Amino acid sequence: MANGAITERAGVERAARSNAPERTTHSAGRRVMTTIRRLRFQWSLYLLMLPTVLLILVFNYYPSLDAIRYSLYRWDGAFIEEFRGLENFIQAFGHDRLFWQSFGLTLILLVANAFKMWPSIFTAVVIHRLQSERWQYVYRVLFVIPMIIPSLVGLLIWKSFFEPMTGIMNKTLQATHLMDVLQWLDINVLGWQAFTYGSPAWLSNSHLIVPTLIIWGFPWVGVIGVLIYLAGLQNISQDVYDAGKIDGLSWWGKFSKIELPLIMTQVRLMLILMTIGTLQDYGLILILLGPEGGPNNVGMVPGLYMFTEGFLNQRYGYACALGMVLFVIIMSITLVYQKLVRVDK
Amino acid sequence: MLSRRSRERTKELIKHGLILLVLFSAFFPLYIMVVISFKDNDQFVRNPWWFDSIGTWKWENWSFAWDTVKIYIANSIVTSVAATAFCLLFATLTSYVIAKHKVPGRGVVYYGLIALMFLPGTAATLMTLFTLLKDMHLLNSLWPLIILGATGGQALCVFILRQFIEEIPNELFESAQLDGASSWQQIMHIVLPMSGAILGTLAILQFIGNWNNLMLPLIVMRDDVMLTVPVGLMRLEGEYVKEWGQLMAGYTISSIPMVILFIFTMRLFIRGLTAGAIKG
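Residues numbered from 1 in each chain as written. Chains lettered and ligands numbered in written order. Predicted model: local features only at pLDDT ≥ 70, side-chain atom pairs only at ≥ 80, totals over all residues.

Peer 1: If you had to explain the overall build of chain A to someone new, which residues and values would you point to?
Peer 2: When helices and strands are counted, chain A shows 17 helices and two strands. In chain A, which comprises 345 residues, the share counted as buried stands at 32%. Here the analysis covers contacts within chain A between residues at least 6 apart in sequence; of these, 64% occur between residues at least 24 apart. (Helix = DSSP H or I, 4+ residues; strand = E, 2+ residues; numbered from the N terminus. Buried ≥ 20, exposed ≤ 12 C-beta atoms within 10 Å, placed from the backbone. Contact = placed C-beta atoms within 7 Å.)

Encoded structure:
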């Protein structure tokens, strides 16, 4: 805080000095008056910026710096506070199986989520190719409506689908006799014994947790994604399509040669958001599987591991160190992507 | 000629069919939510797919759910509205100074804000933030949600508003200055009227973000009467014996405020959602 005030004052003095030479023709008294008025004016401007500056210094920068500091400490959030140097990091990289396992799961989810981006792209293209502009607008509005529902409500409803006895998932599988197929697969190929009684517990069987996380959100059409792709598609000029028509492009050729290359900026943007989200988010898994990430910690992701280590096991210092590792990973990925996006522009 | 036209027609129909299929699956959870909200657990197990005859509807699910969630909704409305208002007020003041006055140090403030957009918020900062709030005696009240809601939006709002205010012609401000208008009056009479649409878009974006915020209230709140909608619903869902009908009625009721907001601000809403995703 004190730092900010000092730089501000220094800045004002510098400004006063740089303005002084212009007014050498005025009398000394007048010069002092204008300087004072100018100073007062500038202070009022700094006052206007003060709330923002205060808020981000106290609630954004201070906690971040504090987290860096505590990553070098053994700290329980209250009583124990002891400097340990790099020991937290050595522990994390060298001896923490769960830490590595959580990154393994993140990798699986990243691959799955990369595939789950495609339905949104296809949906946007189909809407874009409708001939009637009015229908395009109607569908755009309709796609927003499910977004209005609080995200947690959507999540909890989906969670109820996976309940073993009452959930929609098992009822659908039973009604379509897909359950018999899964049972056969389980007995003859997988050997998980998860489907034995015909009503698998998707969220509490350690074999089924990762598949559940992958199926989650079927058919994987994200509203925001569709809207952003549509915005990109609308920028494609009619000339390009006409040229494509002359070349006799099929519907797939139109997609792979015109539409996809021209919305690559948007695709990369969504890829960045998806990657950061997958690495960082843990709310979904906390709600689905609880703070331990389900049986045998199968569903543990890095963010959740930090959360649990900190708030449940009171190992704040260690959690801060894990946070640093994740921070560096996310930062470097963002920078790499940022470069890629800029090249395209 | 005719066959070509009819081929075009079939093509259009296929497209509509595909979109409707996707829309169906997007709306399906909401449909199930409403259907089940009128059932007790027996009816739910027997027939989860469709409404029962109207005489057997369990309206008491709704009254029970309303009694439970109304306090969460009130808390959510208070915090989301206040956080959004403070966020936009502070961001407008800062953007005005950065955009229209060459005060020393404005670059530091601006890039200090922009850097936050690239700073991933991990659970580690959540912990240090938690201890900070504890030291400030702000736990278990609505204030931290309002303050942090306002803080969280600063970076994006200043980033967008600065560009917008910069494009307002300088002559307007100069003539106002000649008339002796203070900075505050310039903001009130020039900036605000000219940036109504962008402020609306940002307001909706911030409101949605605050309304859906889960982790912060989860760690900050202890008393049931202080919970916001997401945490309140999460706590209800975690109870051991589940009355699905009441739960689903509660979900439906908690969704209604946003539906109302949407109906009145559809255009801004769609724009806000698209703008929100670009902040990364």
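Peer 1: Requested: an account of the overall build of chain B, with residues and values cited.
Peer 2: Each helix and strand in chain B was counted, giving 13 helices and zero strands. Put simply, chain B runs from its N terminus to its C terminus through helices and strands in the order α-α-α-α-α-α-α-α-α-α-α-α-α. Nonlocal contacts in chain B, meaning residues at least 24 apart in sequence, comprise 78% of its contacts between residues at least 6 apart.

Peer 1: Go over helix α6 (residues 143-166) of chain B, please, and point to the residues and values.
Peer 2: Residues and elements named next belong to chain B. Taking 1.5 Å per residue as the helical rise, α6 with its 24 residues ought to reach 34 Å, and the 33 Å between its terminal C-alpha atoms agrees with that figure. Remark: the principal bend of α6, roughly 45 degrees, maps to Gln154. Burial analysis of α6 places 19 of its 24 residues in the buried class, which makes it a mostly covered element. (Expected span 1.5 Å × (residues − 1). Bend = angle between axes of the 7 residues up to and from the residue.)

Peer 1: Describe the interface of chain A and chain B, with residues and values.
Peer 2: Each partner contributes to the interface: chain A provides 79 residues, whereas chain B provides 75 residues. The element that contributes the greatest number of residues to the side of chain A that touches chain B is helix α2 (residues 28-70) of chain A, accounting for 19 residues. Class assignment for the residues of the side of chain A that touches chain B results in 54 nonpolar, 19 polar and six charged. (Nonpolar A, V, L, I, M, F, W, Y, C, P; charged D, E, K, R; others polar.)

Peer 1: Hey, could you go over the nonpolar core for me, with residue numbers and the actual values?
Peer 2: Looking at soluble globular proteins, one finds that nonpolar side chains tend to be buried together. Ranked by internal contacts, the top residues of the largest apolar core, which has 151 residues, are Ala319, Cys320 and Leu322 of chain A together with Ala124 and Cys157 of chain B. When residues no more than four places from it in sequence are discounted, the contact partners of Leu322 of chain A are Ala92, Phe99, Pro302, Tyr305, Met306 and Glu309 of chain A together with Ala124 of chain B. (Core = buried A, V, L, I, M, F, W, Y, C linked by C-beta atoms within 7 Å.)

Peer 1: Quick one: what's the story with the environment of Arg4 of chain B, residue by residue and with numbers?
Peer 2: Residue and element names in this part refer to chain B. Within the secondary structure layout, Arg4 lies in helix α1 (residues 2-36). What makes Arg4 exposed here is the crowd of 8 C-beta atoms within 10 Å. For the pair Arg4 and His16, spaced 12 residues apart in the sequence, the C-alpha separation amounts to 19 Å.

Peer 1: Outline the packing of helix α3 (residues 60-100) of chain B against helix α9 (residues 196-212) of chain B, listing residues and values.
Peer 2: Residues and elements named next belong to chain B. Put simply, α3 and α9 touch, their axes get as near as 9 Å, and they point 140 degrees apart. Between α3 and α9, the angle is such that the two are oblique. Of the two elements, α3 crosses α9, and the hand of that crossing is right-handed. Across the interface between the two elements, Ser76, Thr79, Ser80, Ala83, Thr84, Cys87 and Leu88 of α3 pack against Leu199, Leu202, Ala203, Gln206, Phe207, Asn210 and Trp211 of α9. For the contact of α3 with α9, the class distribution of residues is eight nonpolar, six polar and no charged. (Axes fitted to C-alpha atoms, helices over the stretch in contact; angles between N-to-C directions. Parallel < 35°, antiparallel > 145°, perpendicular 65-115°, else oblique. Left-handed = near helix turned anticlockwise from the far one by under 90°.)

Peer 1: Go over unusual backbone geometry, please, and point to the residues and values.
Peer 2: The linkage connecting Phe218 of chain A with the following residue, Pro219 of chain A, adopts the cis geometry, with an omega of 0 degrees. Relative to the helices and strands, Pro219 of chain A resides in the loop between α10 (209-215) and α11 (223-234). For Asn296 of chain A, which is not glycine, the phi torsion reads 55 degrees and is therefore positive. Mapped onto the elements, Asn296 of chain A comes out in the loop between α15 (283-289) and α16 (302-312). Judged by local crowding, Asn296 of chain A falls into the exposed class, with 11 C-beta atoms found within 10 Å. A positive phi angle is found at His137 of chain B, which is not glycine, with a value near 55 degrees. Looking at the element boundaries, His137 of chain B is found in the loop between α5 (123-135) and α6. His137 of chain B gets classed as exposed once you count the C-beta atoms within 10 Å, which come to 9.

Peer 1: Could you give an account of the packing of α3 of chain B against helix α4 (residues 106-117) of chain B, with specific residues and numbers?
Peer 2: All names here are of chain B. Relative orientation of the contacting elements α3 and α4 amounts to 130 degrees, with a least axis distance of 10 Å. When the axis of α3 is compared with that of α4, the two are oblique. The chirality of how α3 crosses α4 is left-handed. Residues Thr94, Val97 and Ile98 of α3 form the contact with α4, whose participating residues are Arg106, Val109 and Tyr110. Tallied by class, residues from the contact of α3 with α4 come to four nonpolar, one polar and one charged.

Peer 1: So what about the confidence of the model for chain A? Which residues, and what values?
Peer 2: For chain A, per-residue confidence averages 83 on the pLDDT scale, and residues scoring 70 or more make up 91% of the total. Confidence drops under a pLDDT of 50 for residues 1-24 of chain A, and excluding neighbours within four residues, the segment shows 21 contacts in the predicted structure. (pLDDT = per-residue confidence, 0-100.)

Peer 1: Please provide a residue-by-residue account of α3 of chain B, values included.
Peer 2: For α3 of chain B, built from 41 residues, the straight-helix expectation of 60 Å at 1.5 Å per residue is met to within 8% by its first-to-last C-alpha distance of 58 Å. Remark: the principal bend of α3 of chain B, roughly 40 degrees, maps to Val69 of chain B.

Peer 1: How would you sum up the environment of Leu156 of chain A? Please name residues and give values.
Peer 2: Note on placement: Leu156 of chain A falls in helix α7 (residues 151-161). Taking C-alpha positions, Leu156 of chain A is 9.5 Å from Leu284 of chain A, a pair spaced 128 residues apart along the chain. Other than its neighbours up to four places away in sequence, Leu156 of chain A contacts Leu233, Glu237 and Tyr251 of chain B.

Peer 1: Go over the confidence of the model for chain B with me, naming the residues and quoting the values.
Peer 2: Summary statistics for chain B give a mean pLDDT of 88 and a share of 96% for residues scoring 70 or more. When pLDDT is averaged over each element of chain B, α3 of chain B comes out on top at 94 and helix α13 (residues 266-278) of chain B at the bottom at 70.

Peer 1: Report on the environment of Gln183 of chain A, specifying residues and quantitative values.
Peer 2: Residues and elements named next belong to chain A. Tracing the backbone through its elements, the reader meets Gln183 in helix α9 (residues 178-190). Its 17 C-beta neighbours within 10 Å are what place Gln183 among the partly exposed residues. Along the backbone, Gln183 and Pro200 are 17 residues apart, and their C-alpha atoms lie at a distance of 9.8 Å. In contact with Gln183, other than residues within four places in its own chain, are Phe195 and Gly198.

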